[in-house]
Amino acid sequence: MRKFLVLILFVFTVFLFSETLVIKGSNTIFPIAQLWIEKLKTIYPDLEITLEGAGSSTGIAALFNKTADIANASRWLKESEIAKMHKEGRYFIPIVIGYDGIAIIVNKKLNLEKISLNTLKKIYTGKIRYWNQVDPNLPKKQIQIYSRNTASGTFETFEKIVLNKEKMAPWVRMVESTRFELETVEKNPYAIAYVGIGYVTDDVRVLKVEGILPTKENILNGVYPISRALYMFLDATNGYPDSGAIKKYITFGLSKEGQELVEKAGYVAAYGF
């Protein structure tokens with residue numbers, strides 16, 4: 001009985017003094033957050049962190065309903081989210097953690113190297129249906145089109161920059177997983193999709209957009225036309241956290257080591273040291 005009580009006391013003590021951090025949101029930022037968490041656990045063994053990547057909108061919604069401490073987002077706040085924040089008397093702080101370019105990917109067997117924003121728009125809005133309409137040297141095969149779903153910040157950015165708010169064709173396949181897009185394009189010679197540059201592998205071909213590749217330099221300089229900032233949002237309604245799990249996580253993410261891990265994940269660091 002005494003051993004049992006000692007065990008209960010030990011568990012209670014660990015629970016009492018451990019810290020828990022809940023992070024939700026962008027699939028694009030997920031690989032960065034994973035690397036940060038792995039390193040932080042070696043620095044702060046008692047720091048408990050849960051991470052979910054179900055889309056930027058999901059993360060921001062979780063920040064509103066207080067089921068997340070930090071919302072990862074690969075887009076800026078929507079007007080409706082800003083209006084809701086003001087209505088509720090809330091204050092969300094944006095923190096830029098890095099930069100990304102949305103890469104347009106096709107199968108490596110497809111003899112195509114570049115695409116214009118206008119052609120890309122016509123494909124996704126349904127005005128172009130076959131590959132030979134993109135280039136007469138390509139086969140007359142129907143384009144298999146893939147997109148992230150509407151909860152994704154990547155979708156939001158693509159819709160704004162490429163589609164200029166026009167609706168996607170009803171036959172565009174909307175998917176939750178970026179990895180599913182990659183695997184599908186790798187296997188399907190007539191597929192096209194768009195993904196954050198950090199997810200790109202050698203198994204797919206990245207197209208030049210307006211003659212420009214999404215390289216680190218082109219993204220950082222804003223030359224690549226589908227570039228964007230990556231954010232963390234936190235609720236600072238009651239003040240910016242000056243201690244605790246949130247402060248530890250943010251401080252590390254913006255440190256030299258944290259920014260090096262942004263680059264390791266395949267993105268572009270926001271801060272040089």
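Heads up: the structure comes first, above all this text.
Notes on the structure in this doc start here.

Cut-offs used in this document
Counting starts from 1 at the beginning of each chain's written sequence and moves along it residue by residue. Only residues with pLDDT of at least 70 get local features here, since the model is predicted, and only at 80 or more are side-chain atom pairs given and counted; chain-wide, interface and lining totals rely on the full set of residues. Heavy atoms from the whole structure form the basis of all side-chain values; hydrogens and water molecules are not counted. Residues enter a patch when their relative accessible area is above 30% and they make no salt bridge; the linking distance is 9 Å between like charges and 5 Å between nonpolar side chains (Val, Leu, Ile, Met, Phe, Trp, Tyr). Method for areas: the Shrake-Rupley scheme with a 1.4 Å probe, in which residue coverage is limited to the protein chains shown. When a carboxyl oxygen of Asp or Glu lies within 4 Å of a side-chain nitrogen of Lys or Arg, that pair is called a salt bridge. Neither His nor the chain ends contribute to the count of charged residues, in which Lys and Arg are positive and Asp and Glu negative. Charge positions are represented by NZ for Lys, CZ for Arg, CG for Asp and CD for Glu. Only DSSP runs of H or I covering at least 4 residues are called helices, and only runs of E covering at least 2 are called strands; the numbering of each starts at the N terminus. Note on exposure labels: buried denotes an accessible area under 20% of the residue type's maximum, exposed denotes more than 50%, and partly exposed covers the range between, all computed with a 1.4 Å probe on protein chains only. Polar contacts, as used here, are pairs of N or O atoms within 3.5 Å; protein pairs need one atom able to donate a hydrogen and one able to accept it. Residues neighboring in sequence count only if both atoms are side-chain atoms. For Phe, Tyr and Trp, where Trp contributes only its six-membered ring, two rings pair if their centres lie within 6.5 Å, and the inter-plane angle classes them as stacked under 30 degrees, edge-to-face over 60, or tilted in between. Charge-over-ring contacts are defined here by two conditions on Lys NZ or Arg CZ: a distance within 6 Å of the ring centre and an angle within 35 degrees of the ring normal. Two strands are said to pair when DSSP picks up at least two bridges between them.

1. Side note on a negative patch on the surface
No. 1: On the surface, E183, E186, D202 and D203 cluster together to form a negatively charged patch.
No. 2: One can find D203 in the loop between β8 (191–196) and β9 (205–206).
No. 3: Relative accessible area serves as the criterion here: at 41%, D203 is assigned to the partly exposed category.

2. What to know about the side chain of Q259
No. 1: Here Q259 shows up in helix α11 (residues 256–264).
No. 2: Of the residues examined, Q259 reaches a relative accessible area of 1% and is grouped as buried.
No. 3: Only 3.0 Å separates the side chain of Q259 from the backbone oxygen of G253, close enough to count as a polar contact.

3. Describing helix α3 (residues 56–64)
No. 1: Counting buried positions along α3 yields seven of nine residues, so the element is predominantly enclosed.
No. 2: All of the buried residues along α3 are S56, S57, G59, I60, A62, L63 and F64.

4. So, the packing of aromatic side chains
No. 1: Tallying each qualifying case throughout the model produces nine aromatic pairs.
No. 2: Note on F158 and Y194: the rings are 3.9 Å apart at their centroids and 0° apart in plane angle, and the pair reads as stacked. Highlighted residues: F158 in helix α7 (residues 153–163) and Y194 in strand β8, separated in sequence by 36 residues. The same class applies to F158 and to Y194, which are both buried.
No. 3: Each member of the aromatic cluster is reached from another via a ring pair, and the members are W76, Y231 and F233.
No. 4: Directly above the aromatic system of W171 lies the positively charged group of R129, at a separation of 3.7 Å from the ring centroid.

5. Quick word on the pairing of strand β11 (residues 227–235)
Residues in a regular strand project their side chains so that they alternate between the two faces of the sheet.
No. 1: Most of β11 sits inside the fold, with eight of its nine residues counted as buried.
No. 2: Of the pairings in the sheet, the one linking strand β3 (residues 70–73) to β11 comprises four bridges and is antiparallel in character. What sits directly across from N72, in β11, is M232.
No. 3: Bridging between strand β4 (residues 92–106) and β11 involves nine bridges; their strand directions are antiparallel. Counterpart to Y99 in the pairing with β11 is A229.

Purely geometric stuff here, so don't read any function into it on its own.
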